[in-house]
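Below are the chains, spelled out letter by letter.
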Amino acid sequence: MIRYLCFSFLICVFFIASVVYAVTFVEVAEESGIHFKHTDGESGKRLFNEQYGSGGGFFDYDNDGYLDIYLINACPQREKSDISLPTNILYHNNGNGSFTDVTRVAGVGDTRYGVGATTGDYDNDGDIDLYLTNFGSNALYRNNGDGTFTDVAASAQVADTGWGTSCAFADFDNDGFLELYVSNYAKYTLDADKPCYRHDIAVYCGPSSYPPQPDLFYHNNGDGTFTNLTQQSGLLSVPAAHGLGVAIGDSDNDGDADIYVANDQDFNFLFENRGDGTFKEAGLLSGVSCSDMGKAEAGMGVAFADYDNDGKLDLTVSNFQNETNTLYHNEGDNFFIDTTIPAGVAEHTHRYLGWGIGFFDYDNDGYKDIFVANGHTMDNIAEVDRSTTTPQQNLLFRNLGNGKFEDVTAQMGEGFVLRKTSRAAAFGDYDNDGDIDILVTNWNQTVDLLRNDGGNRNNWIQVQAIGTKSNRSGIGARIKVVFRTVGGGELTQYAEVKSSGSYLAFSDLRVHFGLKDAESIDLLEIRWSSGIVDTATNLSVNQGFIAVEGKEIVSE
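All figures in this text were calculated on a predicted structure; none of them were measured in a lab.

The next point concerns the pattern of salt bridges. As enumerated under the stated definition, the model contains 13 salt bridges in all. Between R46 and D379 there is a salt bridge, with the nearest N and O atoms lying 2.9 Å from each other. Separated by 333 residues along the polypeptide, R46 in the loop between strand 1 (24–27) and strand 2 (56–59) and D379 in the loop between strand 25 (369–374) and helix 6 (381–384) bring together distant segments of the chain. The class of R46 is partly exposed, set by a relative accessible area of 23%. Each of D110, R112 and D151 takes part in salt bridges that share partners, so that together they form one network.

So, on to the environment of M378. Within the fold, M378 resides in the loop between strand 25 and helix 6. Linking M378 and Y204, residues 174 residues apart in sequence, is a C-alpha distance of 6.3 Å. Ignoring sequence-local partners within four residues, the contact set of M378 consists of R198, V203, Y204, V384, T390 and W443.

Attention shifts here to the state of the cysteines. Scanning all chains against the criterion turns up 1 disulfide. Shown here is the disulfide that connects C196 with C205, its sulfur atoms set 1.9 Å apart. Taking the sign of the torsion about the S-S bond as the criterion, the disulfide between C196 and C205, at about 100°, is right-handed. By the burial criterion, C196 is buried, and C205 matches it. Between C75, a cysteine without a disulfide, and C167, which holds the nearest cysteine sulfur, the sulfur-to-sulfur distance is 18 Å. Look at C75 and you get buried, because its relative accessible area is 11%.

Another aspect to go through is the nonpolar core. Membership of the largest hydrophobic core comes to 73 residues, with the highest contact counts inside it found for Y70 and L140. Element by element, the count of residues in this core is highest for strand 10 (residues 164–170), at 4 residues. Among the domains, domain 1 (60–457) and domain 2 (461–555) are the pair contributing at least three residues each to this core. Here L140 is in contact with Y122, L130, Y131, T150, D151, V152, A153, A156, V158, F169 and F226, once residues within four sequence places are set aside. Counting residues in each nonpolar core, the second largest holds 46 residues, with L190, Y210, I381 and Y503 among its members.

Topologically, A382 is positioned in helix 6. Taking the C-alpha atoms as reference, A382 lies 41 Å from G434; in sequence the two are 52 residues apart.

It is worth spelling out the sheet that holds strand 36 (residues 505–506) at this point. Strands sit in the order 5-4-3-2-36 across an open sheet of 5 strands; the sheet is mixed. Whereas interior strands pair on both sides, the edge strands pair on one side only; in this sheet they are strand 5 (99–101) and strand 36. Two strands pair when backbone bridges link them, and strand 3 (residues 68–71) and strand 4 (residues 89–93) are joined in this way by 3 bridges, in the antiparallel orientation. Looking at strand 4, one finds that Y70 is bridged to L90.

It is worth spelling out the confidence of the model for the protein at this point. Here the protein averages 95 in pLDDT, while 96% of its residues score no lower than 70. With pLDDT under 50 throughout, residues 1–20 is counted as low confidence; its partners more than four residues away or in other chains account for 1 contact.

So, about the packing of aromatic side chains. How two aromatic rings sit relative to each other is set out by the distance from centre to centre and by the angle between their planes. Going through the model one piece at a time under the given rule, you end up with 35 aromatic pairs. Summarising the aromatic geometry, the rings of F269 and F271 are spaced 5.2 Å apart at their centres and angled 50° between planes, so their arrangement reads as tilted. Both residues of the pair, F269 and F271, count as buried. Chaining the aromatic ring pairs together yields one cluster made of F48, Y52, Y113, F135, W163, Y185, Y188, Y210, W355 and Y503. In this structure, K194 is placed above the aromatic ring of Y210, and the distance from its NZ or CZ to the ring centre is 5.0 Å.

Here we take up the environment of N442. Mapped onto the secondary structure, N442 falls in strand 31 (residues 437–442). Overall, N442 belongs to the buried group, its relative accessible area being 3%. The spatial distance from the C-alpha of N442 to the C-alpha of A425 is 9.4 Å, given a sequence separation of 17 residues. Contact partners of N442, with chain neighbours within four places excluded, come to H38, K420, T421, S422, R423, V447 and D448. There is a polar contact of 3.0 Å between the side chain of N442 and the side chain of D448.

Conventions used here
- Residues numbered from 1 in each chain as written.
- Predicted model: local features only at pLDDT ≥ 70, side-chain atom pairs only at ≥ 80, totals over all residues.
- Heavy atoms only, no water.
- Salt bridge = Lys/Arg side-chain N within 4 Å of Asp/Glu carboxyl O.
- Helix = DSSP H or I, 4+ residues; strand = E, 2+ residues; numbered from the N terminus.
- Buried < 20%, exposed > 50% of the residue type's maximum accessible area, 1.4 Å probe, protein only.
- Contact = heavy atoms within 4.5 Å.
- Disulfide = S-S within 2.5 Å.
- Core = buried A, V, L, I, M, F, W, Y, C linked by side-chain atoms within 4.5 Å.
- Domains from an automatic or database assignment.
- Pairing = 2+ DSSP bridges.
- pLDDT = per-residue confidence, 0-100.
- Phe/Tyr/Trp six-rings, centres within 6.5 Å; stacked < 30°, edge-to-face > 60°.
- Lys NZ or Arg CZ within 6 Å of the ring centre and 35° of its normal.
- Polar contact = N/O pair within 3.5 Å; in protein donor to acceptor, adjacent residues only side chain to side chain.

If you want it as C-alpha cells, here you go:
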C-alpha cells in the first residue's frame, strides 16, 4: 500500500510539473524567412562603439492585424568599400507564420551605423511611424500609409548627429501628441578612438574612457515638427550619464508619464513628471538609482510593469556580469525597494551580462514573468577571464505569484538552449495565437525569433487602444482587467500601452493579458491620458479587442 501511495504521489508530481512547464520556445527565424545577420562593421580594431549591438522589434506597419519585424544593422566604419552596404531590414508578416523582406519597396533600408528604435503614430494619421537612433544622424520614418515610409528627421528637427541608443515616444503633457525621448551614450568619434588593454591584452574600452553625451527631449508641436526642450524640461539639472535603456510609465500614479533611464556605470535616473512641462530627477530618493549597497552599476536594459498586480508599476534593470540584475518593487509614495535577493533573481543573474529585458506573461497565468538577453561585451573575454564566455544563455524567470521568481530556463525547450551574444529583446504575439513570442538580436550573429508554443493553454485577451482625444497610438493609456479564475478568487491586472523598455528595442503596442482559466472578463477599464475612462463588462476570453477612445469596446 505504501509503495502504491508513493508511486501515485510521484505520478501527481510529474503531472503538475508537466502542466507548469508545458510551454516551450522554438527558434524559427530562418524557417520563417528571416535571413538577417547583424554586423558591427567588423573592423578588427575593437572600435569603442562596436560592442553594443543593434536593436529591432515588432510593429504592425500596414494595419493588417499581424506584427511585422524591423531589424537594425550597422556598417563598416573605417575603409569605404565598393560592395553594397548592410542595411536595416523590414520583414512583412504574411499571416501564415512566414515573413517577406519588403525593405526596398518600403524605403526603410537605412545604411547608417544603426543602434536602436521606437515606434508610435507621432502625427496621429492612423499608422505607426518609426524613429531610429544611429551613431551619426538619426532617422524618423514617417509612415505614408501605403506600405512606404519617408525619412523626415531633418524637416521634423529630430536628426540629432550624436550617438543615440534607446528611445521612446510618449505623451508627456497629455495634449494628444507624442513627444520623443532619446537616450545618448558617449561623446565619441572614430578619430578619437583609443586602445584599451587588460593584462596587456587588447580589449574593448569601458564607458569611463569617453565622456557621456546628454539625452534629448523633443516636444511634439502637433504640425509634424518637434522642438528640442531638453534644457527647458529640467533634464539637464543632473550631470549627463552614459544612457543605454529607457522605460516610460506613470510610476507614481499621478496621471502623467515618468522616465527611467538605465545608465552604464553611472547612477540611473528617474525623472518624475511634474505635470507642467518639467521633470525632477528623483532616482536616489526613490531608491532606484543604484544597487542596495549604494553602488552605481552598469545598467543596460530596463522595463516597467506591475509584476504583483497591486496597481503600481515595478521596475527591473539588467546589469553587468557579477552585479546581478535588479528588481525594484514599487511601494507607492514615490518609493521603491530592492527585492532582487528575496525575489530569487540575484543568484541566477550574477554570472551573466544582461541587455534586453522585459516583463511578459509567457504562460498566461495572470502574472508577469521576466526574460533577459545575455552576452558579454568582450569578444575575447576568455583570454582575460576564464570564468565566463562571450556567448551566453538567455534566461526566463517564472513569476510564482507570491513575490518570488523561479528560473525555468532549462524547461523552456530548444529556444533557450541557444548560446549567443545577445543584445536587444522585443515581445509580441506575431502569429496571433494568444501567447507572446520573443525577438532577440545578437551581436555579429543571426537574429532569433522564439515562437511560444503552449502559452495559450491558458486563456488570454489582447487590447488595441486607439486614441481620439489622446494620441492615436493610445500610448500612456492604463488598462485594468478584473476576472475570476475557476474555483479561485478575483484577480485584477494593470498594464500601460507603451513604446519603451528593454534595450534598443520596441514591442507590440497591443496590451496582452493572461487570464489563467477564467471563462470571462468581469471588467475591462481603460483610463486614457486625456482623462476619459471607458469600460466594458462580461467579455469573452481568447480574443482581441479594439478600444477606440470614447466608444464601445468591441472584439476584433
